[in-house]
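Chain by chain, the residues run as shown.
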Amino acid sequence: MALFAETEILTFLFNQFFEYLSIMKCRRRTSIAPNHVTLQRALSKLGFCSRSQATVVIQEGHVSVNGVICTNPQQWIDLVADTIKVDGAKVVRSPYRYVLFYKPVNIITTASDEHGRKTIYEVLPPEYRNLRPVGRLDKDTAGLLLLTNDTQLAETITNPDSHIEKVYEVETYEPLTRKHFQILRNGIEIRIDGKNYYVVPRKISVITPSKFLVTIDEGKNRQVRRMVHAIGATVKMLTRIAIGSLQLGAMNPGDYRELLRDDLLKAIGMNYIYSSGGMCAKYCK
Ligand code: URA
């Protein structure tokens, strides 16, 4: 009887010890150093999925830290020292970069120009040489331009079905009347390469008779200039001031800043849908 009790105590102590080791491996930290983030944040920081997606993946028991399954999205981990795996596959930092650039005027949105005009890459630091613009802005248009090497996301953003809203500030040479703005609001026909398109802006906000904001959710070639031209006016200055909830804010022409994928996705109202093993992961609204 005494032997039975001793064995039970020993087993209990052994279990406690192993549990303690597990906890130490998948440890909860209280101090916050630069590499210390919650497990949920780590998955998004590493570019694996969005934070909300991470919560589900973690709670469903797909994620291990140093070999121990963690189901707590708020678990503190060390991004550098700890090994995070999803369904047994190590999560490594996303090689993708996302840059928000305030393109100045008189700069073209291509890698090289046969006419020797200044390109965006001559304004941006050399480390961004491998990033591609997401869509383009005309030489004479200033404003927000995204750059990335994440081709899947770039294609999703530029896909007309994504309907991501872009806001342009338009200054015209001529003062416009109420009637002009009404025509624009109702939608207008523009001609591109011999084909007619009927385009309806999402919103027109008048600032002064010769300055207004137009929100569009498509990106036809020189669309805003063509719309202004179609009402018989001419653009003096065109600036893209917002893409989704990303704003120029206090940025100056030539300024740029890197974005976390999670923050970019949130700003454009998109999600990264994770499916087991990451095999069918995709971006969607
Ligand atoms: N519409 C235009 O006309 N030009 C741009 O660069 C972007 C939108």
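Our structure is the block above this text.
All values derive from a computational prediction rather than experimental measurement. (Residues numbered from 1 in each chain as written. Predicted model: local features only at pLDDT ≥ 70, side-chain atom pairs only at ≥ 80, totals over all residues. Heavy atoms only, no water.)

Caption draft 1: Focus on the overall build of the chain. Along its length, the chain carries eight helices and 19 strands. Counting the 285 residues in the chain, one finds 43% classified as buried. For the chain, the share of sequence-separated contacts (at least 6 apart) that also reach a separation of at least 24 residues comes to 64%. With the model as given, the accessible surface of the chain reaches about 15800 Å², and the carbon-plus-sulfur share is 53%. (Helix = DSSP H or I, 4+ residues; strand = E, 2+ residues; numbered from the N terminus. Buried < 20%, exposed > 50% of the residue type's maximum accessible area, 1.4 Å probe, protein only. Contact = heavy atoms within 4.5 Å. Areas by Shrake-Rupley, 256 points an atom, 1.4 Å probe, with all protein chains shown as cover.)

Caption draft 2: A look at the site of the ligand. In the neighbourhood of the ligand, the contacting residues comprise Leu137, Asp138, Thr141, Tyr168, Arg222, Gln223, Val224, Arg225 and Leu238. For the ligand, a nitrogen atom lies 2.7 Å from a polar atom in the side chain of Asp138. Within the contact set of the ligand, an oxygen atom lies 3.0 Å away from a backbone nitrogen or oxygen of Arg225. A total of 240 Å² of accessible area belongs to the ligand in isolation, and the protein chains cover 95% of it. Comparing atom positions with the cavity grids shows the ligand to sit within the largest pocket. Broken down by element, the shell around the ligand gets its largest block of residues, three residues, from helix 7 (residues 223-230). Across the shell around the ligand, the residue classes break down as four nonpolar, two polar and three charged. (Near = heavy atom within 4 Å. Polar contact = N/O pair within 3.5 Å; in protein donor to acceptor, adjacent residues only side chain to side chain. 1 Å grid on protein atoms, 1.4 Å probe; cavity = no way out; pocket = protein on both sides within 12 Å on 5 of 7 lines; lining within 4 Å. Sits in = over half its atoms within 2 Å of the grid points. Nonpolar A, V, L, I, M, F, W, Y, C, P; charged D, E, K, R; others polar.)

Caption draft 3: Representation of the environment of Asp113 in the model. Residue position: Asp113 is located in the loop between strand 7 (98-103) and helix 4 (120-123). Side-chain polar atoms of Asp113 contact the side chain of Arg117, separated by 2.8 Å.

Caption draft 4: Examining the nonpolar core more closely. Counting 41 residues, the largest nonpolar core has Leu43, Ile84 and Leu146 as its most contacted members. Only helix 2 (39-45), helix 3 (51-59), strand 2 (63-65), strand 5 (84-86), strand 7, strand 9 (141-148), helix 5 (151-158) and helix 8 (261-267) provide two or more residues apiece to this core. In contact with Ile84, other than residues within four places in its own chain, are Leu39, Ala42, Leu43, Leu46, Val63, Ser64, Ile77, Ala89, Lys90 and Val91. Counting residues in each nonpolar core, the second largest holds 31 residues, with Tyr121, Leu124, Leu184 and Met227 among its members. (Core = buried A, V, L, I, M, F, W, Y, C linked by side-chain atoms within 4.5 Å.)

Caption draft 5: View of unusual backbone geometry. One non-glycine residue, Asn66, lies in the positive phi region at around 50 degrees. The phi torsion at His163 lies on the positive side, around 50 degrees, for a residue other than glycine. With respect to the element layout, His163 can be found in the loop between helix 5 and strand 10 (166-172). According to the relative accessible area criterion, His163 is partly exposed, its value standing at 46%.

Caption draft 6: Quick look at the environment of Glu218. Checked against the element boundaries, Glu218 lands in the loop between strand 14 (211-216) and helix 7. On a C-alpha basis, the gap between Glu218 and Pro201 in space is 8.9 Å, while along the polypeptide they are 17 residues apart. Within the structure, Glu218 has its side chain in polar contact with the side chain of Lys220 (distance 3.2 Å). One polar contact links Glu218 to Gln223, side chain to side chain, over a distance of 3.3 Å.

Caption draft 7: View of the sheet that holds strand 6 (residues 89-90). Overall, antiparallel pairing links the four strands, which are arranged 3-2-5-6 in an open sheet. The open sheet is flanked by strand 3 (68-69) and strand 6, the only strands paired with a single partner. (Pairing = 2+ DSSP bridges.)

Caption draft 8: Structural detail: helix 7. Of the positions making up helix 7, those classed as buried are Gln223, Val224, Arg225, Met227 and Val228. At the C-terminal side of helix 7, Gly232 shows a positive phi close to 85 degrees.

Caption draft 9: Here's a closer look at the pattern of salt bridges. This structure, assessed with the given rule, holds ten salt bridges. A salt bridge links Glu127 to Arg97; the shortest N-O distance between them is 2.8 Å. A residue pair is termed long-range when its members are at least 10 positions apart, and Glu127 in the loop between helix 4 and strand 8 (132-133) and Arg97 in the loop between strand 6 and strand 7 qualify at 30 residues. Assessed through its relative accessible area of 45%, Glu127 is described here as partly exposed. In this structure Arg97 comes out as partly exposed when scored by relative accessible area, which is 27%. The salt bridge partner of Arg202 is Glu165, with a shortest N-O separation of 3.0 Å. On the criterion of sequence distance, the pair formed by Arg202 in the loop between strand 12 (195-199) and strand 13 (203-208) and Glu165 in the loop between helix 5 and strand 10 is long-range, its members being 37 residues apart. Owing to a relative accessible area of 52%, Arg202 belongs among the exposed residues under this scheme. On the accessibility criterion, Glu165 (32% relative accessible area) is partly exposed. In this structure, a network of salt bridges that share partners links the residues Arg97, Glu127 and Glu258. (Salt bridge = Lys/Arg side-chain N within 4 Å of Asp/Glu carboxyl O.)

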